[in-house]
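Listed below are the residues making up each chain.
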Amino acid sequence: MRVIIEPTYERLSQWAANYVAKRIIEAKPTAAHPFVLGCPTGSSPLGLYNELIKKYQAGEVSFENVITFNMDEYVHLPEDHPESYHSFMWKNFFSHINIKKENVHILNGNAADLAAECEAYEKAIEKAGGIDLFMGGVGPDGHLAFNEPGSSLASKTRIKTLTTDTIIANSRFFDYDMKLVPKQALTVGIGTVMAAKEVLLVCNGHHKARALQHIVDGEVSHKWTASMLQMHPHAIVVCDEAACDELTVGTYKYYLDKERGNL
């Protein structure tokens, strides 16, 4: 695992965007051989998306031959609802770049057969050649996508019932009314993420410090599902100083020293 420590959220977002853009450019994607990008939602990747938009507007990177697969979507929330992840992605990223609508894949939380929708999603990823780079964020309890504590570390795309902690955390997007927050979601599994060629996780803020400690310094555990990234051959965690508050001094200095001169 590679750990990048940046002083601020803004610098974290810039580093992550530079890396993603570099990977897309190096791949030289075409219509026949597109670059497949996994996309998260939530507050953590907003800075990353903003920086990628800037790079597109500056002519540094094109998304014309990029295919995306989002991590998750709420169940039984209309796609045009302002808090659906369909709305989130188009508002904060897709509508600002030159991605083709047919290349965007987001789970349908209103499908008549949700289990079949999840199975079809896995097949679509496989048909696309697999995820080249899966971006992700992490929850304060160490969850990745909607793989809550206790989720199988070999899981694939499926229906998940959300924990009370996640519902409380997401209530800020629903006027802090927990009754309005969907109780289930469709989500890629930890196994789905682990099958990607590369994974880049962004982690910011003191409230994520305990999660980062478990991801970087703890044991692999289904109680902290993002800790599974320790087992990925090409995983990068990009964090800010505030998220490092629970790391040991030795671990913190080790990763700073490891990246020194390698920026």
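Residues numbered from 1 in each chain as written. Predicted model: local features only at pLDDT ≥ 70, side-chain atom pairs only at ≥ 80, totals over all residues. Heavy atoms only, no water.

Break down the layout of surface pockets for me, with residues and values.
Considered as a void within the structure, the largest pocket measures approximately 750 Å³ in volume. The wall of the largest pocket is formed by 34 residues, among which Gly42, Ser43, Asn170, Arg172 and Phe173 lie closest to the centre. Tallied by class, the residues present in the lining of the largest pocket amount to 15 nonpolar, twelve polar and seven charged. (1 Å grid on protein atoms, 1.4 Å probe; cavity = no way out; pocket = protein on both sides within 12 Å on 5 of 7 lines; lining within 4 Å. Points joined across faces, edges and corners; volume = space filled by probe spheres on them. Nonpolar A, V, L, I, M, F, W, Y, C, P; charged D, E, K, R; others polar.)

Please set out the pattern of salt bridges residue by residue, giving values where relevant.
The final tally for this structure, using the stated rule, is nine salt bridges. For Glu60, the salt bridge goes to Lys55, with nearest N and O atoms at 3.2 Å. Given a relative accessible area of 45%, Glu60 falls into the partly exposed group. On the basis of relative accessibility, which here comes to 14%, the residue Lys55 falls in the buried class. Three or more residues are tied together by salt bridges with common partners; here these are Arg23, Glu26 and Glu198. (Salt bridge = Lys/Arg side-chain N within 4 Å of Asp/Glu carboxyl O. Buried < 20%, exposed > 50% of the residue type's maximum accessible area, 1.4 Å probe, protein only.)

Before we move on, could you go through the pairing of strand E3 (residues 66-70) and cite the residues and values that matter?
Most of E3 is tucked away: five of the five residues are buried. Pairing of strand E2 (residues 35-39) with E3 involves five bridges; the strand directions are parallel. Looking at the pairing, Phe35 lines up with Val66 of E3. Where E3 meets strand E5 (residues 104-105), two bridges bridge the pair, whose relative direction is parallel. Along E5, the bridge assignment pairs Thr68 with Val104. (Helix = DSSP H or I, 4+ residues; strand = E, 2+ residues; numbered from the N terminus. Pairing = 2+ DSSP bridges.)

Help me get a handle on the environment of Lys22, residues and values and all.
Within the element layout of this structure, Lys22 appears in helix H1 (residues 9-27). On the basis of relative accessibility, which here comes to 44%, the residue Lys22 falls in the partly exposed class. Expressed as a C-alpha distance, the spacing of Lys22 and Phe63, which sit 41 residues apart in the sequence, is 12 Å.

Help me get a handle on helix H2 (residues 46-57), residues and values and all.
Since the α-helix packs 3.6 residues into each turn, any two residues three or four apart lie on the same face. Between its first and last C-alpha, H2 extends 16 Å over twelve residues, near the 16 Å set by a 1.5 Å rise per residue. Residues of H2 that are buried include every one of Gly47, Leu48, Tyr49, Glu51, Leu52, Ile53 and Lys55, and no others. Buried residues along H2 sit in contact with H1, E2, helix H3 (85-92) and strand E6 (133-137). The positive-phi residue at the C-terminal boundary of H2 is Gly59, with phi of around 80°. (Expected span 1.5 Å × (residues − 1). Contact = heavy atoms within 4.5 Å.)

Residues and numbers for the packing of aromatic side chains, please.
The final tally for this structure, using the stated rule, is eleven aromatic pairs. Aromatic pair Tyr85 and Phe146: ring centres 6.2 Å apart, planes at 20°, arrangement stacked. With Tyr85 in helix H3 and Phe146 in the loop between E6 and strand E7 (158-161), this residue pair connects regions lying 61 residues apart in the sequence. Judged by relative accessible area, Tyr85 falls into the buried class, the value being 10%. Here the aromatic residues Tyr49, Phe63, Trp90, Phe93 and Phe94 are joined through ring pairs into a cluster of three or more. (Phe/Tyr/Trp six-rings, centres within 6.5 Å; stacked < 30°, edge-to-face > 60°.)

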